[in-house]
Amino acid sequence: MKQAIVFGAGNIGRGFIGQLFSESGYAVTFVDVDQPLLDALNRRGEYTIRLVTNERSEEVTVGPVRAIHAGDREAVAEAVARAEIGATAVGAAVLKHVAPAIAAGIERRTQAGVVEPLNIIVCENLKGAAATLRDLVRSALPINRHSFMAEHIGFVDTVIARMVPPLTPELRAQDPSLILVEPYKELPVDRAGFIGEPPAVVGMIPYAPFAFFTERKLYIHNAGHAVLAYLGYQACYEYGYEALADDDIYSQVRGAMEESALALTRKHHPPAGALEANIEDLLARFANRALGDTILRLGRDPLRKLAPSDRLVGAARNALAQGVTPTHLITGIAAALCFDHPDDPIAQESQARLRATDVPRVLAEVCEIKPGEPLFDMIVPCYWAVAGQRVC
C-alpha cells in the first residue's frame, strides 16, 4: 500500500488526518509519545472513529495503521524515508522536536535516491506553520541537502475545521484508541505549498491563493466559537450548545460572524452566498450536543485569543479596515476580558493583570490597542457594561 506518516496521534492526527489518509488508500504510521495509545494501535492495527450528531452516531474503522514512539529516531526516520505523504498535528510548540526526525528521514531519502515528492501537511494552530516547520527542518539538515529538500519536500499550510472534543476518561479507559468527532471532513490546503501535483486525498481541496481560507477559519469559525464561549460563560452555561440555544447569545454570535463575513467579502470577493452558507453550517455544527464541547474548552487561554492578530481583535481590526463596524465582535472582546474560569490558569493570569493594572494597559500590552484608537474607544465602555454581569 501507499505509505503515510502522521506526527501526532491525538484529536486531529487520529480523529481527522488519519481517517482521510486511510480512506485514500494509505497505510498510516503514527508517531507519538503516548505509550498506551501506541500499544492499542499496534495491537489492533486499526482504530475506531465515532461520528456523532444530534440525530445519530456511526462508527468507522480506520486501518491499517501502526504506531512508533517518537523517541525511536531510527524507526521514525525510516518511516519518513518510505512515506509518500505526511502530516503533523502535534501542537506548534512541538514542531521543533519533530523537525530533526523529518530531517533524518530526508537524509535517508537522499541516500536512497528517492526523488518522488513528500508533501507534509502542517495541521497546527499557527500562522505560517508550514514555513515555520520548513525552516526548522532546513536548519536540522546539512547544507548540502538543502537543494534536495527544496526540490522534493513540500510543506503545506491548511486550516482544520473538524471539531474533535477530548475523550472522556471513562471512554478512554474502555478503548484508548477511540475518538469522537463530527462528520464534517473538508480539508482546504495551500496549493502553492506542494511539490508536484497535490495527491488525491479524500476531503482535501487545494486552493490558491490560500489567505482567504485562513482568515475565514480564524475570523468566522474561531471568532464565533470565542464569542459563544465568553458570552456563554457570562451567562453561566457549561456547554457551548446550551449557550447557543440562548436567543440573546445566538444573536451576538451570529452577528459577530456576519461582521467578519462582510469584511472578508469586501476583501476577498468570494462567490456570492459562500460565506453565508459557511455561517449556517457552522452554527448547526456548534449546536451539536453529542460533541459535549464545554465553555471552558472553547474559551480557555483568553490571552492568546485576545492577541492582536487572533480571532477577536484580528477580526475586529479586519472589519474596521473594510468599513464594517464590529459591534458584536467588540462585545466578544469585552466578555473575553472578563473570563475568569477557575479551571483555566491563563484566565486567572489575565484577571490578575487586570487587577494589578487597568483595562487600558491590558488592551495595550495584550491586544496592542492604544488609547485614541477606534477599537479602544469601543471596547472600554463595553467592558464596563459586561463586567460584573455574571451571577450564578
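Right, let's walk through the structure included here. Residue positions are counted from 1 within each chain, in the order its sequence is given. Under the rules for a predicted model, residues below a pLDDT of 70 receive no local features and side-chain atom pairs below 80 are neither given nor counted, while totals for whole chains, interfaces and linings still include all residues. Calculation of side-chain values draws on the structure's entire complement of heavy atoms; hydrogens and water are dropped beforehand.

## Considering the nonpolar core
Just so we agree on the cut-off: What is meant by a nonpolar core is a set of buried Ala, Val, Leu, Ile, Met, Phe, Trp, Tyr and Cys residues, joined one to another through side-chain atoms within 4.5 Å. Type-normalised accessible area, obtained with a 1.4 Å probe on protein chains alone, sets the label of each residue: buried when under 20%, exposed when over 50%, and partly exposed for intermediate values. What counts as a helix is a DSSP run of H or I of at least four residues, what counts as a strand is a run of E of at least two, and both are numbered from the N terminus.
Ile-333 and Leu-363 are the most contacted members of the largest nonpolar core, which has 63 residues in total. Counting residues per element, this core draws most heavily on helix 8 (residues 211-234), which supplies 13 residues. Ranked by size, the runner-up nonpolar core spans 35 residues in total, among them Phe-30, Ile-49, Phe-194 and Met-204.

## Here we look at the pattern of salt bridges
Just so we agree on the cut-off: By definition here, a salt bridge exists when the distance from a side-chain nitrogen of Lys or Arg to a carboxyl oxygen of Asp or Glu is within 4 Å.
Under the defined criterion, the tally for this structure stands at 23 salt bridges. Notably, a salt bridge pairs Glu-74 with Arg-108, separated by 2.2 Å at the nearest N-O pair. Separated by 34 residues along the polypeptide, Glu-74 in helix 3 (residues 73-82) and Arg-108 in helix 4 (residues 95-112) bring together distant segments of the chain. In this structure Arg-108 comes out as partly exposed when scored by relative accessible area, which is 24%. Residue Arg-317 is joined to Glu-373 by a salt bridge in which the shortest nitrogen-to-oxygen separation is 3.0 Å. Taken together, the positions of Arg-317 in helix 14 (residues 313-321) and Glu-373 in the loop between helix 17 (359-367) and helix 18 (374-386) put the pair 56 residues apart, joining distant regions of the chain. Judged by relative accessible area, which is 30%, Arg-317 ranks as partly exposed.

## A short note on the sheet that holds strand 8 (residues 153-157)
Quick note on the threshold: Any two strands with at least two DSSP-identified bridges between them are counted as paired. Lines are fitted to the C-alpha atoms to define the axes, a helix being fitted only along its stretch in contact, and any angle between axes, read from their N-to-C directions, falls within 0 to 180 degrees. A contact between two residues is defined here by any heavy atoms of the two lying within 4.5 Å.
On the basis of which strands lie adjacent, the open sheet formed by 6 strands has the order 5-2-1-6-7-8 and parallel pairing. What marks the edges here is a single partner per strand, and that holds for strand 5 (65-69) and strand 8. Averaged over all pairs of adjacent strands, the angle between their axes in this sheet comes to 20°, without regard to strand direction. Packed onto the sheet, helix 1 (residues 11-23) meets strand 1 (2-7), strand 2 (26-32), strand 6 (85-88) and strand 7 (118-122) and runs at close to 155° relative to strand 2. Seen against the sheet, helix 3 touches strand 1, strand 2, strand 5 and strand 7 and runs at an angle of roughly 130° to strand 1.

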